[in-house]
Amino acid sequence: YAVAAAPDRYLGLIRVVTVIRPRLGLIAVRADEGRRGIARALLAHALGTLHRAGFAAAWTEVHESNQAASALFEGIGARPMSSNLELVR
């Protein structure tokens, strides 16, 4: 896990599991903190950490109904695979 925090509260978190290949399992940002780049910063941190650890790829699933997550991942190069997006980074 990596957490984004302000001095007085948590703003968001990301969970990455590295069992077989790294999987981004969760990105969450407080509803009142949305659209401030927190999810993008958490994602960049997680992908950078994975890269420095020697991982060449990571994957995640985003359902097409989740427009915010779809926009986030499409913005960094994820591509549609059926009704989901696939990120290979």
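Residues numbered from 1 in each chain as written. Predicted model: local features only at pLDDT ≥ 70, side-chain atom pairs only at ≥ 80, totals over all residues. Heavy atoms only, no water.

Trainee: Explanation requested: the sheet that holds strand E1 (residues 2-6) in the structure shown.
Mentor: Within a sheet, each strand pairs with its neighbour through backbone hydrogen bonds, oriented either parallel or antiparallel. Spatially, three strands are ordered E1-E2-E3 in an open sheet, and the strand pairing comes out antiparallel. Strands with a single pairing partner mark the edges of an open sheet, and in this sheet they are E1 and strand E3 (23-29). Each neighbouring strand pair of the sheet contributes to a mean axis angle of 10°, computed without reference to strand direction. One ladder, built from six bridges, connects strand E2 (residues 9-17) with E3; its direction is antiparallel. (Pairing = 2+ DSSP bridges. Helix = DSSP H or I, 4+ residues; strand = E, 2+ residues; numbered from the N terminus. Axes fitted to C-alpha atoms, helices over the stretch in contact; angles between N-to-C directions.)

Trainee: How do you make sense of the pattern of salt bridges when you look at a structure like this?
Mentor: Oppositely charged side chains may form a pair once their charged atoms are brought near each other. Applying the stated criterion across every chain, the model contains four salt bridges. Between Asp32 and Arg9 there is a salt bridge, with the nearest N and O atoms lying 3.0 Å from each other. Here Arg9 lies in strand E2 and Asp32 lies in the loop between E3 and helix H1 (38-52), a separation of 23 residues in the sequence. The closest approach of N and O atoms between Glu33 and Arg9, which form a salt bridge, is 2.2 Å. Highlighted residues: Glu33 in the loop between E3 and H1 and Arg9 in strand E2, separated in sequence by 24 residues. Note on Glu33: relative accessible area 6%, which makes it buried. For Arg9, a relative accessible area of 29% translates into the label partly exposed. (Salt bridge = Lys/Arg side-chain N within 4 Å of Asp/Glu carboxyl O. Buried < 20%, exposed > 50% of the residue type's maximum accessible area, 1.4 Å probe, protein only.)

Trainee: Could you clarify how one ought to interpret the packing of aromatic side chains in this entry?
Mentor: Ring pairs (aromatic) are described by centroid distance and by the angle formed between their planes. Evaluation of the coordinates by the stated rule reveals zero aromatic pairs. Across the ring face of Trp59, the terminal group of Arg23 is positioned such that the distance to the ring centre comes to 4.9 Å. (Phe/Tyr/Trp six-rings, centres within 6.5 Å; stacked < 30°, edge-to-face > 60°. Lys NZ or Arg CZ within 6 Å of the ring centre and 35° of its normal.)

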